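Here is what each chain is made of, one letter per residue.
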Amino acid sequence: MATLFGLIALAGCGPRVEHDPRLANAPLPERLAAADPRAGSAIFAQCAACHSIAQGAGDRAGPNLYAVPGRAIAQGSPNFNYSAALRSVGGVWTFDRLDAWLTSPAHFAPGTNMMFVGLHDGMDRADVIRFLNDNGSKLPLPPVVSQRTRPDR
Ligand code: HEC
């Protein structure tokens, strides 16, 4: 229901990009370029039961997600009790890693405490990653390599 209301609210606040369904399986840079952070905000209703996003907001069942892209995996929210499974991944949350995590948390970090099945639609993931990036990180998006710039044989 929260998602439904989120979508209705979104429809009321200006034009929404309708994604071409063929983009769902496109490479991540193309999906991120076409993604809509406001649609990601509506999708985030599914995450908000467990996650706050505002800077300095408290942890819920999951850690606060302010400025996640570029942030060290399983270290960003100092008081949160991360699982050994997620802590053992190491490194930082790149866009690629967020895309893999949100496809299937259990596959990305077997034994994780994030009880969430994942987002199967590639554009839903791109929308929510753009929303996460807008909330603190503001990292530059990866360049889209156009087919046309490939050298001819
Ligand atoms: C049922 C609760 C729940 C839902 C729903 C949920 N998460 Fe989580 N999330 C968690 C928990 C718990 C963890 C910590 C996992 C661990 O330590 O293994 C986590 C961890 C994360 C992390 C890693 C944070 C860090 O500091 O390394 C990200 C990113 C994340 N979630 C994003 C999302 C997004 C985006 C959604 C919605 C599409 C979502 N989560 C939905 C509970 C949830």
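In the block above lies the structure referred to throughout.
What counts, and where the lines are drawn
Residues numbered from 1 in each chain as written. Predicted model: local features only at pLDDT ≥ 70, side-chain atom pairs only at ≥ 80, totals over all residues. Heavy atoms only, no water. Helix = DSSP H or I, 4+ residues; strand = E, 2+ residues; numbered from the N terminus. Buried < 20%, exposed > 50% of the residue type's maximum accessible area, 1.4 Å probe, protein only. Contact = heavy atoms within 4.5 Å. Salt bridge = Lys/Arg side-chain N within 4 Å of Asp/Glu carboxyl O. Axes fitted to C-alpha atoms, helices over the stretch in contact; angles between N-to-C directions. Parallel < 35°, antiparallel > 145°, perpendicular 65-115°, else oblique. Left-handed = near helix turned anticlockwise from the far one by under 90°. Nonpolar A, V, L, I, M, F, W, Y, C, P; charged D, E, K, R; others polar.

**Thoughts on the overall build of the protein**
In terms of helices and strands, the protein carries seven helices and zero strands. Taken from the N to the C terminus, the helices and strands of the protein come in the order α-α-α-α-α-α-α. Looking at the protein as a whole, 37% of its 153 residues qualify as buried. Summarising the internal contacts of the protein: among those between residues at least 6 apart in sequence, 48% fall at separations of at least 24.

**Looking at the pattern of salt bridges**
On inspection of all chains with the given rule, the structure shows four salt bridges. Between Arg-38 and Asp-36 there is a salt bridge whose closest N-O contact spans 3.7 Å. Judged by relative accessible area, Asp-36 falls into the buried class, the value being 4%. Asp-99 is the salt-bridge partner of Arg-125, the closest N and O atoms lying 2.8 Å from each other. On the criterion of sequence distance, the pair formed by Arg-125 in helix α7 (residues 122-137) and Asp-99 in helix α5 (residues 95-103) is long-range, its members being 26 residues apart. Across the pair, Asp-99 and Arg-125 agree in class, each one buried. Look at the salt bridges and you will find they share partners, linking Arg-31, Asp-99 and Arg-125 into a network.

**With respect to the packing of α5 against α7**
Running from amino to carboxyl end, α5 crosses α7 at an angle of 125°, the nearest separation of the two axes being 10 Å. When the interaxial angle is binned, α5 and α7 end up oblique. Crossing hand, α5 versus α7: right-handed. Across from Phe-95, Leu-98, Asp-99, Leu-102 and Thr-103 in α5, the residues of α7 making contact are Arg-125, Val-128, Ile-129 and Asn-133. Residues belonging to the contact of α5 with α7 are distributed by class as follows: five nonpolar, two polar and two charged.

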